[in-house]
Amino acid sequence: MPNLANKKNCTGCTACVNVCAHKAIVMYADSEGFLYPTINESQCVQCGLCEQVCPVLTITESGNTDQPIVYAMWHKQDRVKSSSGGAFSALARLIFSKGGKVYGAAFGENLALQHIGVSSIEELQKLRGSKYLQSNLGDIFKEVKKDLLEERWVLFCGTPCQIAGLKSYLRKSYKNLLTADLVCHGVPSQKIFDSYLKKVCKKMKIGTIQNYGFRKLDGWAISPSIKVNGKDISLYGINSLYMEAFNKNALFRESCYNCKFAKLPRIGDCTIADFWGLGRHSTPFNYDIMKGISLILVNNEKGENAINEIQNSVIVKRDLQEALIENHNITCASERHPNRNEIISSFLDEEKSLSDINKKYHLVKLNFKIIVKIYASKWGVFNIAKRIYNKYKSFKSL
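Definitions and cut-offs
- Residues numbered from 1 in each chain as written.
- Predicted model: local features only at pLDDT ≥ 70, side-chain atom pairs only at ≥ 80, totals over all residues.
- Heavy atoms only, no water.
- Pairing = 2+ DSSP bridges.
- Helix = DSSP H or I, 4+ residues; strand = E, 2+ residues; numbered from the N terminus.
- Axes fitted to C-alpha atoms, helices over the stretch in contact; angles between N-to-C directions.
- Contact = heavy atoms within 4.5 Å.
- Buried < 20%, exposed > 50% of the residue type's maximum accessible area, 1.4 Å probe, protein only.
- Arc of directions from axis to C-beta.
- Disulfide = S-S within 2.5 Å.
- Core = buried A, V, L, I, M, F, W, Y, C linked by side-chain atoms within 4.5 Å.
- 1 Å grid on protein atoms, 1.4 Å probe; cavity = no way out; pocket = protein on both sides within 12 Å on 5 of 7 lines; lining within 4 Å.
- Points joined across faces, edges and corners; volume = space filled by probe spheres on them.
- Nonpolar A, V, L, I, M, F, W, Y, C, P; charged D, E, K, R; others polar.
- Phe/Tyr/Trp six-rings, centres within 6.5 Å; stacked < 30°, edge-to-face > 60°.

A.B. asks: Explain the sheet that holds strand S13 (residues 313–318) residue by residue, including any values.
C.D. replies: Ordered by their spatial adjacency, eight strands build an open sheet running S5-S4-S6-S7-S11-S12-S3-S13, and the pairing between neighbours is mixed. Because the sheet does not close on itself, it has two edges, and the strands there are strand S5 (113–118) and S13. Across this sheet, the average inter-strand angle for adjacent strands is 25°, counted without regard to direction. Judged from the three bridges that link them, strand S4 (residues 101–107) and strand S6 (residues 154–158) form a sheet pairing that is parallel. When the bridges of S6 are listed, Lys101 appears paired with Val154. On the sheet, helix H3 (residues 87–97) packs against strand S3 (69–75), S4, S5, S6, strand S7 (177–182), strand S11 (270–274), strand S12 (294–298) and S13 and is oriented at approximately 160° with respect to S6.

A.B. asks: So, helix H8 (residues 301–309): which residues are in play, and what are the values?
C.D. replies: Those residues of H8 lying buried are Gly303, Ala306 and Ile307. Seen along its axis, H8 keeps its buried residues to an arc of 95°; they face one direction. Exposed positions of H8 whose direction lies more than 90 degrees from the buried face are Glu301 and Asn308. Looking at the buried side of H8, the elements it contacts are S3, H3, S7, S11, S12 and S13.

A.B. asks: I'd like a rundown of the state of the cysteines, residues and numbers included.
C.D. replies: Tallied over the full model, the rule gives zero disulfides. Just so you know, Cys184 is unpaired, no disulfide at all, and the nearest cysteine sulfur is the one on Cys256, 5.8 Å from it.

A.B. asks: Help me get a handle on the side chain of Gln190, residues and values and all.
C.D. replies: Examined against the element boundaries, Gln190 turns out to sit in helix H6 (residues 190–204). If we ignore the near neighbours within four places in the chain, the residues touching Gln190 are Leu111, Ala112, Leu113 and Leu133.

A.B. asks: Tell me about helix H10 (residues 340–348), residues and numbers included.
C.D. replies: Arg340, Ile343, Ile344, Ser346 and Phe347 are the residues of H10 that are buried. Angular distribution of buried residues about the axis of H10 spans 160°; they occupy a single face of the element. Those residues of H10 that are buried are in contact with H6, helix H7 (241–247) and helix H11 (354–361).

A.B. asks: Can you explain the nonpolar core? Please cite residues and give values.
C.D. replies: If you look at the biggest cluster of nonpolar residues, it comprises 42 residues, and the most contacted ones within it are Phe193, Tyr196, Tyr212, Tyr242 and Phe347. Taken together, the elements giving at least two residues each to this core come down to H6, strand S9 (225–228), H7, H10 and H11. Not counting residues up to four positions away in its chain, the partners in contact with Tyr196 are Tyr212, Leu235, Asn239, Ser240, Leu241, Tyr242, Phe347 and Leu354. One finds Phe88, Ala92, Ile95 and Ile296 within the second-largest nonpolar core, a separate group that totals 26 residues.

A.B. asks: I'd like a description of empty space enclosed by the protein, backed by residues and values.
C.D. replies: One pass over the structure, following the stated rule, counts four cavities of 30 Å³ or more. Forming the walls of the largest cavity are 20 residues, and the residues nearest its centre are Cys161, Cys184, Gly186, Cys256 and Cys259. In terms of residue class, the lining of the largest cavity is built from nine nonpolar, eight polar and three charged. Each pocket or cavity is described by its volume, and for the second largest cavity that value is around 120 Å³. Cys10, Cys13, Cys16, Pro37 and Cys54 are the residues nearest the centre of the second largest cavity, which is lined by 14 residues in total. Taken together, the residues of the lining of the second largest cavity sort by class into eleven nonpolar, three polar and no charged.

A.B. asks: I'd like to hear about unusual backbone geometry, residue by residue, with values.
C.D. replies: In this model, Leu264 is joined to Pro265 through a cis peptide bond whose omega is 0°. Turning to its location among the elements, Pro265 is positioned in the loop between H7 and S11. Although it is not a glycine, Lys205 sits at a positive phi angle of roughly 55°. As for its position among the elements, Lys205 is in the loop between H6 and strand S8 (211–213). Its relative accessible area of 77% is what places Lys205 among the exposed residues.

A.B. asks: Break down the sheet that holds S8 for me, with residues and values.
C.D. replies: In spatial order, the strands read S8-S9-S10; together these three strands make up an open sheet with antiparallel pairing. Edge positions in the sheet fall to S8 and strand S10 (231–234), since each has one partner strand and no second. Across the sheet, the mean angle from the axis of one strand to that of its neighbour is 25°, orientation sign disregarded. Two elements, S9 and S10, share four bridges in a ladder whose sense is antiparallel. By the bridge assignment, Ile226 is partnered in S10 with Ile233. Sitting on the sheet, H6 touches S8, S9 and S10, and the angle it makes with S8 is about 100°.

A.B. asks: Got a sec to walk through the pairing of S9? Specific residues and values, please.
C.D. replies: With burial as the criterion, only one face of S9 is covered, namely that bearing Ile226 and Val228; the residues Ser225 and Lys227 on the opposite face remain uncovered. Relative to S9, S8 runs antiparallel, the two being bridged by three bridges. In the strand pairing of S9, Tyr212 is matched with Ile226. Counting the residues between successive antiparallel strands, the hairpin from S9 to S10 contains two residues, one of them, Asn229, with a positive phi of roughly 55°.

A.B. asks: Before we move on, can you summarise the packing of aromatic side chains with the specific residues and values?
C.D. replies: Evaluated as defined, the whole model comprises 19 aromatic pairs. Ring centres of Phe193 and Tyr242 lie 5.3 Å apart, and the angle between their planes is 70°; on these two criteria the pair is classed as edge-to-face. One end of the pair, Phe193, is in helix H6; the other, Tyr242, is in helix H7, with 49 residues separating them in the sequence. No difference in accessibility class separates Phe193 from Tyr242, as the two residues are buried. By the ring-pair criterion, three or more aromatic residues cluster together here, those being Phe107, Tyr132, Phe193, Tyr196, Tyr212, Phe214, Tyr242, Phe246, Phe252 and Tyr257.

Structure (structure tokens):
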């Protein structure tokens, strides 16, 4: 029998499932909701192809540089429709201009997150915005390969392990494939997210949540939000416990704490993220950043060519060291929360409320700085306060 990656290292990338022509491998969820491959012995022909394409077991060099070119950028048209500066949308528009297809994570029915492909700018909104849980890849790699073989341009955006899984599955490079990996903190499971939503509904005494916004799309304000009966409701304090636990590394897949891809060189042609700390640690950045600024690492020639072709954007070259200061997940995996198992178990326990979980694990800490952020967001003055703070930090760094 083939020996697949163990639970500590398996990322759930699905490369092994998609490459098996005999359909001998199926993804099953464990008790925490994370998907892992399982081999059906009666269907396995012992070819070993699943082991060969596993990006954890068979590590291949990306050929990318460990000294990427760094840019701060925003897309003039899509900046306020995106979580940061619209780098993903800018790359997507480039691919659409070539008649191509763009793949990314989108919420489906019942807020189930899955990777899908879209072919027009009208469909792109489904893929925009940060989504802090692991998407279901299904058989999307096969769809990508079909597009590539038909010589159609493809942009695939995902976590570094998903990009690694796709490249391993394809087993060759394609000149018409552009990959963009995200600077990823780690991924909770769909099951954990679903359980949290049920607790929110119970605590707030509301009906079905139609949509969940992890971030505001018109700037860097902090509060997540839900849509109920067509109305957007911001979540603060205990109601946003999922993001509080996320930010404390308490809900992630085990492999996230041992991530093989949080390093330089990066796995994608480009790497995209928020440019946290821009202008606060080196040369001042003389533009308004409060509507969001994307960080782009250009990891190879294909990535550089793509950035050079982007239209209707402001692109400013910056220093790699500046990019690394507040984006530690570019080069480091997140540190495992000491109560990770217990916290996940509590989120999945139907009997435990959000208040119960927070009372035991103290995930929401309302210090003075947090209280100021919350009320600044509630009163609509977060961006003003943040601008003042950024100018102060920039002045101190001089």
